[in-house]
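A look at the structure
Take a look at the letters that make up each chain.
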Amino acid sequence: MDKTLSDSPDTADPLLEDRYIVPGLVRGLRALAAFSPDRQEMTLADLARELGLSRSAAFRTAYTLAQMGFLLQEPRSKAYSLGPAVLRLGYGYMATRELVELALPEIERLRDETDWSTHLGVRDGDRVLYMLRCPSRLGMGSIVHVGSRLPAAVTTMGRVLLGDVDEQTLIALYRDQGAAPGRSFADIRAQWERDCGAETVEQIGSFEAGIASVAAPVHDMSGRVIAAINATRGTEDSGPIPEEVRAAVRACGHRISALLGGD
């Protein structure tokens, strides 16, 4: 073993002085970052020198990344190159960024048309992650911020997103891991059956007292629901959500879907 190299990352690295940092994760990410258009292949010895590790420690890092699809190893030369999992990560980032950039003007337009607060969210397991928020200029509506993660089964955007998953996914999310607080799996499944394929989903006061909400799906070019939008507003009565608001939310969802190449 090369005595000049260590099985551990350089302890003098300021990044590793943070006790919350995971050294193995740092090592793996630095291994991926070492590849470039000018350096598309590296041997194990190259990786060991790049990371300042022994060959055995570099091998464990490369082996782990290869098993997860982030690295590929050429059978004859044994050299490593970036694998398809890296591309999937990059695609996910670019797709999310494109969605936010395309959707923002449209949910601002929806806010201006309705005077309701508007949002865009994506599913994150059994939660809905809020990606955009345009508060009503009237100061009325749900106080939810970008980055909030709310239970999908009890929110309008979450219900829209769950309406596109298959039954096995629904079972894995709720029956296998426990139903949402205060809800049985039978209740969630019955709600899912009603929401599947719905153009809009609406609630009045069932998640936040005094708040009305209506949501619609956003489709990608394959027809899958990749996001949801909604409009929310405080209400003092239990009357139905106005049809013009429901229609505006549907139209906004269609416009964003069209921008993404969907229907």
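Here, every reference points to the structure presented above.
Quick notes on the pattern of salt bridges
- All chains considered together, the criterion is met by 16 salt bridges.
- For Asp-126, the salt bridge goes to Arg-127, with nearest N and O atoms at 3.9 Å.
- According to the relative accessible area criterion, Asp-126 is partly exposed, its value standing at 28%.
- Salt-bridge contacts for Arg-224 lead to Asp-164; the nearest nitrogen and oxygen are separated by 2.8 Å. Placement of the pair is Arg-224 in the loop between strand E7 (211-219) and strand E8 (225-234) and Asp-164 in the loop between helix H5 (156-162) and helix H6 (167-175), with a sequence separation of 60 residues.
- Arg-224 sits in the partly exposed class, given a relative accessible area of 45%.
- Taking the relative accessible area as the measure of exposure, Asp-164 reaches 23% and is therefore partly exposed.
- Among the charged side chains, a network of salt bridges with common partners joins Glu-199, Glu-202, Glu-243, Arg-246 and Arg-250.

Considerations on the sheet that holds strand E5 (residues 149-151)
- If you walk across this open sheet you meet the 6 strands as E5-E4-E3-E8-E7-E6, and the pairing is antiparallel. The strands lining the two open edges of the sheet, one partner per strand, are E5 and strand E6 (201-204). Shown here is a sheet whose adjacent strand axes are inclined to one another by a mean of 30 degrees, direction ignored.
- As judged from the 5 bridges shared by strand E3 (residues 117-124) and E8, these two strands associate in the antiparallel manner. Each residue of the ladder has a partner; that of His-119, found in E8, is Asn-230.

So, the nonpolar core
- Among the nonpolar cores identified, the biggest contains 24 residues, and Leu-99, Ile-107, Leu-120, Val-218, Ile-229, Val-249 and Ile-256 are the most heavily contacted of them.
- Those elements that provide at least two residues to this core are helix H4 (84-114), E3, strand E4 (127-134), E7, E8 and helix H8 (243-259).
- Tallying contributions element by element places H8 first for this core, with 5 residues.
- Counting 18 residues, the second largest nonpolar core, distinct from the first, contains Leu-32, Leu-51, Leu-53 and Ala-85.

Definitions and cut-offs
Residues numbered from 1 in each chain as written. Predicted model: local features only at pLDDT ≥ 70, side-chain atom pairs only at ≥ 80, totals over all residues. Heavy atoms only, no water. Salt bridge = Lys/Arg side-chain N within 4 Å of Asp/Glu carboxyl O. Buried < 20%, exposed > 50% of the residue type's maximum accessible area, 1.4 Å probe, protein only. Helix = DSSP H or I, 4+ residues; strand = E, 2+ residues; numbered from the N terminus. Pairing = 2+ DSSP bridges. Axes fitted to C-alpha atoms, helices over the stretch in contact; angles between N-to-C directions. Core = buried A, V, L, I, M, F, W, Y, C linked by side-chain atoms within 4.5 Å.

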